[in-house]
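# Fold and geometry: a report
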Amino acid sequence: MLDGLKDAVKQATEDVKSKVAEKEITEEALNSSLESLRLRLIKQNISIDTVERIQDEVKTRMLGEKVRRDQVSDRIQDAFRTVLEEQVSDDLDPAEKVAESGEPYTLYLVGFNGSGKTTTAAKLTNTLQQKEHNVVLGAGDTFRAASIEQLEEHGKRLGTKVVSHEYESDPAAVAYDAVAHAEKEGKVAVVDTAGRSHADQNLMNELEKMIEVGEPDMVLLVVDALAGNDVENQVEAYQGMFDGLVVTKMDVDEHGGALITAAQKSGKPVAYIGTGQEYTDLEDFDTTEFTDRLFE
Ligand SMILES: Nc1nc2c(ncn2[C@@H]2O[C@H](COP(=O)(O)OP(=O)(O)O)[C@@H](O)[C@H]2O)c(=O)[nH]1
Ligand SMILES: [Mg+2]
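Residues numbered from 1 in each chain as written. Chains lettered and ligands numbered in written order. Predicted model: local features only at pLDDT ≥ 70, side-chain atom pairs only at ≥ 80, totals over all residues. Heavy atoms only, no water.

## Section: the site of ligand 1
Every one of the 18 residues lining ligand 1 counts as a neighbour, but Gly-114, Lys-117, Thr-118, Thr-119 and Gln-277 are closest to it. The backbone of Ser-115 places a nitrogen or oxygen atom 3.3 Å from an oxygen atom of ligand 1. Within the side chain of Gln-150, a nitrogen or oxygen atom sits 3.2 Å from an oxygen atom of ligand 1. Considering ligand 1 on its own, with 580 Å² of exposed area, one finds that the protein chains cover 82% of that surface. Class assignment of the residues belonging to the shell around ligand 1 gives a composition of 1 nonpolar, 12 polar and 5 charged. (Near = heavy atom within 4 Å. Polar contact = N/O pair within 3.5 Å; in protein donor to acceptor, adjacent residues only side chain to side chain. Areas by Shrake-Rupley, 256 points an atom, 1.4 Å probe, with all protein chains shown as cover. Nonpolar A, V, L, I, M, F, W, Y, C, P; charged D, E, K, R; others polar.)

See below:
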């Protein structure tokens, strides 16, 4: 996890170090190593905006006073910490929100095909069950072959009721029924949805209707870390429709930049990261921990 980004940071630090002579580092010398930092970070899928912000911070911390070679690493770490704390929020804990508001509570998972919505619905169910909440799953992906069976299988394994209709039926009706069940039984409704792309206006309209009908308390956008730079498009497609992010497949992502980019572009907090295929592989996201990992 994050090995590519860790290496990039390490090598960039070495680059800067090699430019620090006995005397103060010159802006010229620094600029050439910042250019290499820039390329290394862009390769890890970090958005240009964030890369430039990090460059600025490094520059501020390196110029204008004497920095010894053995201080370079700390200065660069400080720059990363400042920018990541500023651009990547972890200030959303869905399980805590559920506990605060009480049941019924409705949560939708939205995102592109294959991003991990259905798997995350099952993991989230498990997380909520661990905290003594009763969950009802809504099979709101009535579009993709086998999606309903996939969710029903999870429901069986987790001992959770699954509200489902026929394939091709109106997902807003599924959401409505799942929410009605949650209201009647005092449960948390976790509603899965069909994968959409911004090119697919019909499906986007359908999702808007689901949101209108189900009035979810929270909508989480599920993005796949392996999507790399494409998370920018995914975030853009759903902009204004979600409260926070779940970034899946962090266990198989070398780069780590997709998470940073998704958070920075959306301005929304990262609630969870997916770190595997098991139900327990859903971790609360913590910005400080994430940043610490880069400098392990
Ligand atoms: N390694 C790994 N695989 C995941 C994770 N989350 C989902 N997957 C896998 O990604 C694939 C697509 O997931 P799915 O939930 O069906 O995506 P959906 O189309 O958005 O519903 C499946 O094979 C999942 O097992 C994760 O955090 N780590
Ligand atoms: Mg699915």
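Having seen it, we continue.
## Some thoughts on the packing of aromatic side chains
Inspection of the entire model under this criterion finds 3 aromatic pairs. A centroid spacing of 5.9 Å and a plane angle of 75° characterise the contact between Phe-80 and Phe-295, whose relative ring orientation is edge-to-face. With Phe-80 in helix α4 (residues 72–87) and Phe-295 in the segment after α12 (287–294), this residue pair connects regions lying 215 residues apart in the sequence. (Phe/Tyr/Trp six-rings, centres within 6.5 Å; stacked < 30°, edge-to-face > 60°. Helix = DSSP H or I, 4+ residues; strand = E, 2+ residues; numbered from the N terminus.)

## Focus on the packing of α4 against α12
Packing of α4 against α12 brings their axes to within 10 Å, and their N-to-C directions diverge by 150°. One way to sum up the angle between α4 and α12 is to call them roughly antiparallel. Viewed along their axes, α4 and α12 form a crossing whose handedness is right-handed. Note on element contacts: α12 touches α4 through Thr-287, Thr-288, Phe-290, Thr-291, Asp-292 and Leu-294, opposite Phe-80, Arg-81, Leu-84 and Glu-85. (Axes fitted to C-alpha atoms, helices over the stretch in contact; angles between N-to-C directions. Parallel < 35°, antiparallel > 145°, perpendicular 65-115°, else oblique. Left-handed = near helix turned anticlockwise from the far one by under 90°. Contact = heavy atoms within 4.5 Å.)

## A word on the domain arrangement of the protein chain
Its domain assignment divides the protein chain into domain 1 (3–87) and domain 2 (94–294). Using only C-alpha atoms to locate each centre, domain 1 and domain 2 end up separated by 36 Å. Contact residues are listed per partner, giving 16 residues for domain 1 and 20 residues for domain 2. Counting the surface lost from both domain 1 and domain 2, the interface buries some 1700 Å², and carbon and sulfur atoms represent 52% of this. Among the residues of domain 1 in contact with domain 2, Leu-5, Asn-45 and Leu-84 are the three that bury the most area, contributing 34% of the side total. Where domain 1 packs against domain 2, one counts 2 salt bridges. In this structure, Asp-292 and Arg-81 form a salt bridge, with 2.8 Å as the shortest nitrogen-oxygen distance. Here domain 1 and domain 2 share 12 residue pairs in polar contact (both at pLDDT 80 or more) between them. Those elements that provide at least two residues to the side of domain 1 that touches domain 2 are α1 (3–19), α3 (48–62) and α4. (Domains from an automatic or database assignment. Buried area = accessible area lost by both parts, 1.4 Å probe. Salt bridge = Lys/Arg side-chain N within 4 Å of Asp/Glu carboxyl O.)

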